[in-house]
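One letter stands for each residue in the lines below.
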Protein chains: 2
Amino acid sequence: MSFARIPIPFLTCRSLAWSTAKRTATTTPCEVRIVEVGPRDGLQNEPKLLPAATKIELINRLSGTGLKTIEATSFVSAKWVPQMGDNAEVLRGISKVRGISYPVLTPNIKGFESALAAGAEEVAVFGAASDAFSLKNVNATAAQAIERFRPVLKAAKENGVRVRGYVSTIVGCPYEGAIAPSAVVKVVEALYEMGCYEISLGDTIGVGTPGSMRRMLDEVTRAVPAKDLAVHCHDTYGQALSNILVSLDYGIRVVDASVSGLGGCPYARGASGNAATEDVVYMLHGMGLQTSVDLDKLIQVGRYICTELGRPSESKVNRAWKGPQ
Amino acid sequence: MSFARIPIPFLTCRSLAWSTAKRTATTTPCEVRIVEVGPRDGLQNEPKLLPAATKIELINRLSGTGLKTIEATSFVSAKWVPQMGDNAEVLRGISKVRGISYPVLTPNIKGFESALAAGAEEVAVFGAASDAFSLKNVNATAAQAIERFRPVLKAAKENGVRVRGYVSTIVGCPYEGAIAPSAVVKVVEALYEMGCYEISLGDTIGVGTPGSMRRMLDEVTRAVPAKDLAVHCHDTYGQALSNILVSLDYGIRVVDASVSGLGGCPYARGASGNAATEDVVYMLHGMGLQTSVDLDKLIQVGRYICTELGRPSESKVNRAWKGPQ
């Protein structure tokens, strides 16, 4: 019996190709790099403050899972983000493993200098696609805010430090609503041209769907090669994995995630963390993509940190896990 | 700057087409039909027993959301499923709305006759792709179990009753592990040829990923047209929405879901309900697909039934919802 094709605007082209074209076999290995942001983006948004020793233990345990990038902390003012007030102690205290990068967030040259003094070899700067969001957070438009990173990029280059760029509110903003893809392109291009080796596209409030992600990626992947892009999907509306799936389809191979979905308060209205690393890795492995991560070990780390925080894991894989299927 | 394409085995063909081919605009409306299974598959798996009046109220409220199919109850033995012991009372008690179908589960001719007597106009039968699962549950192989439905299909035809078919364990089984797509094809074809107008493909234990779903759908959509298939994805491993997204890509336009993810015990290990209807509808609307469902109203129904059950909603959209984005 033949397959009745129903045309729809969203998927027509890919559907036709995917299901009816002859699949071209390839032996190219397909690796997705996970950027584990739990110790920074996760813990920064957890109500419970952890001692530096626990954060160090978390990062050391994560280092044993096969992860290649672990965002360690943030060199922002402790006045604004008290959870990261122990940044230098954490960055100095971890056992750095060769082959693993431990980037830290640096909002300005002062933060960069402190990070450098504490031994940072990679830093991250963060802009927003939304002017309203940027004005509210740093009292500057999206374009103005990014200009402030020039001294950081310059100093980083002089010191052989790699710089990753974040762009937040890539599809939706709590103040502006929907964000035009052209606004994202502007900020992504600016950070890329300034020297960021990789730009992470953040759906900060997790409102994106495969529809809005596609519209955004259609434009952004024309401006910057997919190999230099990452996605950073919060799971507020449960769409993170679907949005990551769409991003993979655009050739993106770097995915930010947070072990056990750290940063999301279970059942607190609208407060959800990043995509849980366990769930992302489970999906990728199920698709035959490689991540270098040992899922069993990662699950144990998720359970460790959730016990320390006194909260359940936000990873469904972690809660269901009895071993590989 | 040109887009550097990275070939991967899983997505190569569709990636090439989707991102580089000229998109063909079409004005064809794209409707996805949601089969709301909360009152049956959901409540059947909730530890708290609800009075018939609450179930009737739930179904009546669901009827006001725009849903076109609401699975009402199950005519199985009350000895096996005490939650559904009030099936006739529920089916007789609801206010049936013209244009909405209220199918009920019927495991055998006895159940069918009771359902018919209570006014059922649509019933559902259920087989499994896994022999081990089928033997454990009904003491018959997958093929033998389906043969038992012949009298139901015959009686249904004589009485002008439509029959929907379910196939469980389509990608994984708790006893057998991974299920071969060919095993699914056999059962799907048998039910289809027996006269089921639609076959719902169930990932009963929610272990599927876009990888295993694709392998299964590659074969099943060659045997039965996608327009006569539905998917029924449990969210045990957080993959339900991704798996639904893959199914849409194969032309499937009927999705089973359960309001607020009923049937899943929050934080109980490995016990997760269906995809939450609210999250599915949010994704579909975000993709420009129509569902006929008013999401705002659906969210209110989810909150009502969760209050009755004394549990939080398993729908992330419901927990975050402040209105349309």
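Residues numbered from 1 in each chain as written. Chains lettered and ligands numbered in written order. Predicted model: local features only at pLDDT ≥ 70, side-chain atom pairs only at ≥ 80, totals over all residues. Heavy atoms only, no water.

**Q** Tell me what's going on with the overall build of chain A, and back it up with residues and numbers.
**A** Summing up its helical and strand segments, chain A has 14 helices and 11 strands in all. By residue count, 62% of the 325 residues in chain A fall in the buried class. A separation threshold of at least 6 residues defines the contact pool for chain A, and within that pool the share at least 24 residues apart is 75%. Only carbon and sulfur atoms are counted for the fraction: they give 53% of the accessible area of chain A, which is about 11900 Å². (Helix = DSSP H or I, 4+ residues; strand = E, 2+ residues; numbered from the N terminus. Buried < 20%, exposed > 50% of the residue type's maximum accessible area, 1.4 Å probe, protein only. Contact = heavy atoms within 4.5 Å. Areas by Shrake-Rupley, 256 points an atom, 1.4 Å probe, with all protein chains shown as cover.)

**Q** Outline helix α5 (residues 109-117) of chain B, listing residues and values.
**A** Residues and elements named next belong to chain B. For α5, every residue scored as buried is listed here: G111, F112 and A115. The arc that holds every buried residue of α5, seen down its axis, measures 100 degrees, which confines them to one face. Residues of α5 that are exposed and angled more than 90 degrees away from the buried face: K110 and A117. Next to the buried residues of α5 lie α4 (87-93), β4 (104-105), β5 (122-128) and α8 (150-158). Count one or two residues on from α5 and you reach G119, which has phi positive near 100 degrees. (Arc of directions from axis to C-beta.)

**Q** Quick one: what's the story with the confidence of the model for chain A, residue by residue and with numbers?
**A** All names here are of chain A. For chain A, mean pLDDT is 89; residues scoring 70 or higher make up 88% of the total. Within the model, the stretch residues 1-29 combines pLDDT values under 50 with 80 contacts to residues more than four positions away or in other chains. Interface confidence in the predicted complex, given as ipTM, is 0.90; pTM for the same model is 0.91. (pLDDT = per-residue confidence, 0-100.)

**Q** Summarise the sheet that holds β5 of chain B; cite the residues concerned and give the values.
**A** Residue and element names in this part refer to chain B. Taking strand neighbours across the sheet as the criterion, the nine strands line up as β2-β1-β11-β10-β9-β6-β5-β4-β3 in an open arrangement whose pairing is parallel. Edge positions in the sheet fall to β2 (69-70) and β3 (73-74), since each has one partner strand and no second. Here β4 pairs with β5 via two bridges, running parallel. Each residue of the ladder has a partner; that of L105, found in β5, is A124. (Pairing = 2+ DSSP bridges.)

**Q** Which residues make up the nonpolar core, and what are the values?
**A** Formed by 198 residues in total, the largest nonpolar core has its most connected members in L201 of chain A together with L201 of chain B. Sequence-distant contacts of L201 of chain A, that is, excluding residues within four places in its chain, are made with V167, I170, V184, V188, M216, L217, V220, L229, A230, V231, H232 and I252 of chain A. (Core = buried A, V, L, I, M, F, W, Y, C linked by side-chain atoms within 4.5 Å.)

**Q** Go over the pattern of salt bridges with me, naming the residues and quoting the values.
**A** Where charged atoms of side chains with opposite charge meet at close range, the side chains can pair. Counting across every chain of the model gives 32 salt bridges over all chains. Ionic pairing is found between K55 of chain A and D86 of chain A, a salt bridge with its closest N-O pair at 3.0 Å. Residue K55 of chain A is located in helix α3 (residues 52-63), and its partner D86 of chain A is located in the loop between β3 (73-74) and α4 (87-93); the two are separated by 31 residues in the primary sequence. Considered together, K55 of chain A and D86 of chain A belong to a single accessibility category, that of buried residues. Salt-bridge contacts for E31 of chain B lead to K68 of chain B; the nearest nitrogen and oxygen are separated by 3.5 Å. Of this pair, E31 of chain B sits in the loop between α1 (12-20) and β1 (33-36) while K68 of chain B sits in the loop between α3 (52-63) and β2, and the two are 37 residues apart along the sequence. Since its relative accessible area comes to 36%, E31 of chain B is described here as partly exposed. For K68 of chain B, a relative accessible area of 40% gives the class partly exposed. Via salt bridges that share partners, R33, R164, E198 and D256 of chain A belong to a single interconnected network. (Salt bridge = Lys/Arg side-chain N within 4 Å of Asp/Glu carboxyl O.)

**Q** Just give me the short version of the side chain of S63 of chain B, but keep the residues and values in it.
**A** Residues and elements named next belong to chain B. Mapped onto the fold, S63 is located in helix α3. For S63, a relative accessible area of 11% gives the class buried. Once residues within four sequence positions are removed from consideration, S63 is found in contact with I70, S95, V97, I100 and Y102.

**Q** An account of unusual backbone geometry is needed here, citing residue identities and associated values.
**A** With the exception of glycine, the majority of residues adopt a negative phi angle, and the majority of peptide bonds are in the trans configuration. With a phi close to 55 degrees, N139 of chain A is a non-glycine residue in the positive phi region. Within the fold, N139 of chain A resides in the loop between α6 (131-138) and α7 (142-147).

**Q** For the pairing of strand β9 (residues 198-203) of chain B, give the residues involved together with the corresponding values.
**A** Residue and element names in this part refer to chain B. The buried fraction of β9 amounts to six of the six residues, a majority that puts the element mostly inside the structure. Of the two faces of β9, the one lined by E198, S200 and G202 and the one lined by I199, L201 and D203 are each fully buried. Pairing of strand β6 (residues 162-168) with β9, which is carried by four bridges, proceeds in the parallel orientation. Its bridge partner being in β9, V167 is matched across the sheet by L201.

**Q** Outline helix α10 (residues 210-223) of chain A, supporting the account with residue identities and numerical values.
**A** Counted at 1.5 Å a residue, the expected span for α10 of chain A with its 14 residues is 20 Å, and the 20 Å between its end C-alpha atoms agrees. Looking only at α10 of chain A, the buried set comprises P210, G211, S212, M213, R214, M216, L217, D218, V220, T221 and A223 of chain A. (Expected span 1.5 Å × (residues − 1).)

**Q** Lay out the sheet that holds strand β5 (residues 122-128) of chain A with the relevant residues and their values.
**A** Residues and elements named next belong to chain A. Overall, parallel pairing links the nine strands, which are arranged β2-β1-β11-β10-β9-β6-β5-β4-β3 in an open sheet. Every interior strand has two partners, whereas the edge strands, β2 (69-70) and β3, have only one. Where α10 meets the sheet, it contacts β9 (198-203) and β10 (229-233), and its direction lies at approximately 160 degrees from that of β10. (Axes fitted to C-alpha atoms, helices over the stretch in contact; angles between N-to-C directions.)

**Q** Give a description of the packing of aromatic side chains that names residues and reports values.
**A** A complete count under the given rule lists six aromatic pairs over all chains for this structure. Judged by centre distance (4.9 Å) and plane angle (20 degrees), the rings of Y237 of chain A and Y282 of chain B are stacked. Here Y282 of chain B lies in helix α12 (residues 277-286) and Y237 of chain A lies in the loop between β10 and α11 (240-249), a pairing that spans two chains. According to the relative accessible area criterion, Y282 of chain B is buried, its value standing at 8%. Positioned above the aromatic ring of Y304 of chain A is the side chain of R61 of chain A, whose terminal nitrogen or guanidinium carbon lies 3.8 Å from the ring centre. (Phe/Tyr/Trp six-rings, centres within 6.5 Å; stacked < 30°, edge-to-face > 60°. Lys NZ or Arg CZ within 6 Å of the ring centre and 35° of its normal.)

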